[in-house]
Amino acid sequence: MSGGFRDTFTKDEDKGLLGYDDAAFFYFASSVLVTIAVPWTYSFVKNTIFGSKEEEKDVPGKSKSGSESRQCQSSAMVAKSEQAKESTRRRNCSGCWWLQLIVLGLMWLSIYLTCTHLGQEEIKSFDPFKILEVAPSATAAEIKKAYRKLSLVYHPDKNQDDPLASARFIQITKAYSALTDETAKLNYEKYGNPDGPQTTKVGIGLPRFLLEKENQLVILSLFFLVLLVIIPALAICYYQRTKHYAENGVMIESLQLLEMYINESTRVKNCPELLAASAESRAMITRAEDQKSMEALKAQVVVHNKLKFNHPVIYRNSTLLLAHMQRLHHLMTPELRKDLDQLLKHSTKITQAMIEYSCMRDWFFTAQSMIEFRRSLVQALDVKSSQLLQIPHFDDDILRHCHRGKNAVSTLTDFLNRDPEQRKGVAKMEPQQLADVEAFASHISNMEIRVSVDVEDEEQIVFGDIATVTVGMHRKNLREGEAVGAVHAPFFPEAKFEEWWLFLVEAAPANRIITFLRVRDTDKEVEHKLRFQVMRPGKQKMEVHAMCDSYAGIDRKAELSFTALTEEESKREIFVHKEDEELDLQPTLFQQLMGDFGAEEESDEEEEHVAEEKQKAAKPTKKNKAESAQANADDEDKEEEDASTKGGKDGDDDDEDASSASSSDSD
């Protein structure tokens, strides 16, 4: 494209507006639309046919390390998984899905219309024949006549109120010069512009309506509306929505409540009311028509302690949680069941905050109770319910049978460790029920832990060292390359994955938490390290507790003992490598930064010292003058003595010569 701003605009008499070349805008718009529409369409079709990422998030196929997740194949969990997928598909095909479909359809329609328009128009260039409104075969007289006619119409003196007339007049003048003036004509034929070679300017094309005078007020109003009203309003709404939540996703008001009411004596029976009193729970709505259903539910629910709060929502939600833990779901209406599911979804983050707060206060038994409450919600277990109720199809009648007889079982571990033929309570089950029990037994983690303590790069543990407890976790029920999938939890509304809490605790009677760690890895082999400082010398006993937040009865404990020596007993030699010694000689970063400044100060001090020495040498004291005079006198005496000694020696030599000469004469 050649020419500048003036060559882009023409006065259109029929439309009465600026004839603007908006072909560049269509190129730009089509590029942007294609860039957005292609990946969006691919994602939309993929999610519609193969499922969305929400389904993969609920039940991921692989762990973080790449191991294949092994899902529970019991009938209840298979049905729950299919129900979750169907629910996700219904959400995808809801109003949001149709909205995406409509928007994508409009985008592809816009791309088609834009491409069609680009096929019919080209980017405008400087055309003198078109500007003068003459045919390319016009004679010089016809060109001159057209020029005079148009110049009279668009002369600036006759169109003082039209700012576009001057631009149009300049175009007409250039077009006439390009067809009549030899130099301008050569430039036009060679460069496409009567002014000669022009630089190419590339920019974003703007649509025509943005430059129309009658639309300027509307466009400016919309611009200020978006910039000064809509964007700040969205930012304020987002801030108002998020300012009530902490970093862990729990409302700040709920954290304050937990901090106020959780203490060292808090146990599982106190937790349902605390969860019901959270800000998330109190924000739920109540319905007058639920009063009758709640009365029937209250008559069956067993309350383990006196409630502290009388708020209607707290009382209702506390009753729903107790009914869930006591498996009274058949007494709930569909609306109450939805409220319970919403409350249980909130419980994941709130119980996490309960556990973390107890750990930060070093209350081991309180943290243990918070974990027990969390798995009671996941497995729908009451405060004193049997662990065997987690097994599919187990009820109170089967429990009574399991607790009696010769091979009675009371814990889940005892049940799982037995052979399938020797397990009590399954004799009268149907084949599908037996398959569900076996699927549960093979899916639940059979965890084995190994612990060791040492100080890295040292052979002994000394008072004040940072010791490391290495905990190796091995799931014996998994094969190589497998990872445990979602927890068997048919009463929990969403998929839940195992989390293990590692506690390093002082042995009884202290039972104080030294350090803790939350483990979310689901692989077969897992290794983690707990670090702590040895606070006292002597023999010490500790315990490592591995607690699961999803199943009751599979926790593990290992005892740990070691002797911490004093510094005098250890006599530890400090070996310094040669490379470390060389590093000690290197200047630090601060010394490097201050090196030049220090060198200048040292050089100034040296110069001052030299100047002082010179002054001392130039101005000797009286004592120094006397000493120097005495030294000069001694030097003069010594020189005279040397001269006299030399003169005597020369006289002796002359006498000897004279005597020898007289002897020769006498002869």
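This text gives an overview of the structure that appears in the document. All values derive from a computational prediction rather than experimental measurement.

## Comments concerning the sheet that holds strand β9 (residues 525-533)
The three strands are arranged β4-β5-β9 in an open sheet whose pairing can be described as antiparallel. Two strands lie at the open edges of the sheet, namely β4 (447-454) and β9, each paired on one side alone. Mean inter-strand twist for the sheet, computed between neighbouring axes without regard to direction, equals 20°. Bridge count for strand β5 (residues 466-475) against β9 is nine bridges, and the pairing is antiparallel. When the bridges of β9 are listed, T468 appears paired with R531.

## Brief notes about the packing of helix α14 (residues 291-300) against helix α15 (residues 312-325)
Packing of α14 against α15 leaves a shortest axis separation of 10 Å and a crossing angle of 50°. As the angle between them shows, α14 and α15 are arranged oblique. Of the two elements, α14 crosses α15, and the hand of that crossing is left-handed. Note on element contacts: α15 touches α14 through Y315, R316, T319, L320 and A323, opposite M294, L297 and K298. Classifying every residue of the contact of α14 with α15 gives five nonpolar, one polar and two charged.

## A short note on the packing of helix α11 (residues 252-261) against helix α16 (residues 334-360)
For the pair α11 and α16, the least separation of the axes is 11 Å and the interaxial angle reads 40°. Considering the angle they form, α11 stands oblique to α16. Viewed along their axes, α11 and α16 form a crossing whose handedness is right-handed. Along its contact with α11, which presents L255, L258 and E259, the element α16 presents I350, A353, M354 and Y357. Per-class residue counts for the contact of α11 with α16 are six nonpolar, no polar and one charged.

About the criteria used
Residues numbered from 1 in each chain as written. Predicted model: local features only at pLDDT ≥ 70, side-chain atom pairs only at ≥ 80, totals over all residues. Heavy atoms only, no water. Pairing = 2+ DSSP bridges. Helix = DSSP H or I, 4+ residues; strand = E, 2+ residues; numbered from the N terminus. Axes fitted to C-alpha atoms, helices over the stretch in contact; angles between N-to-C directions. Parallel < 35°, antiparallel > 145°, perpendicular 65-115°, else oblique. Left-handed = near helix turned anticlockwise from the far one by under 90°. Contact = heavy atoms within 4.5 Å. Nonpolar A, V, L, I, M, F, W, Y, C, P; charged D, E, K, R; others polar.

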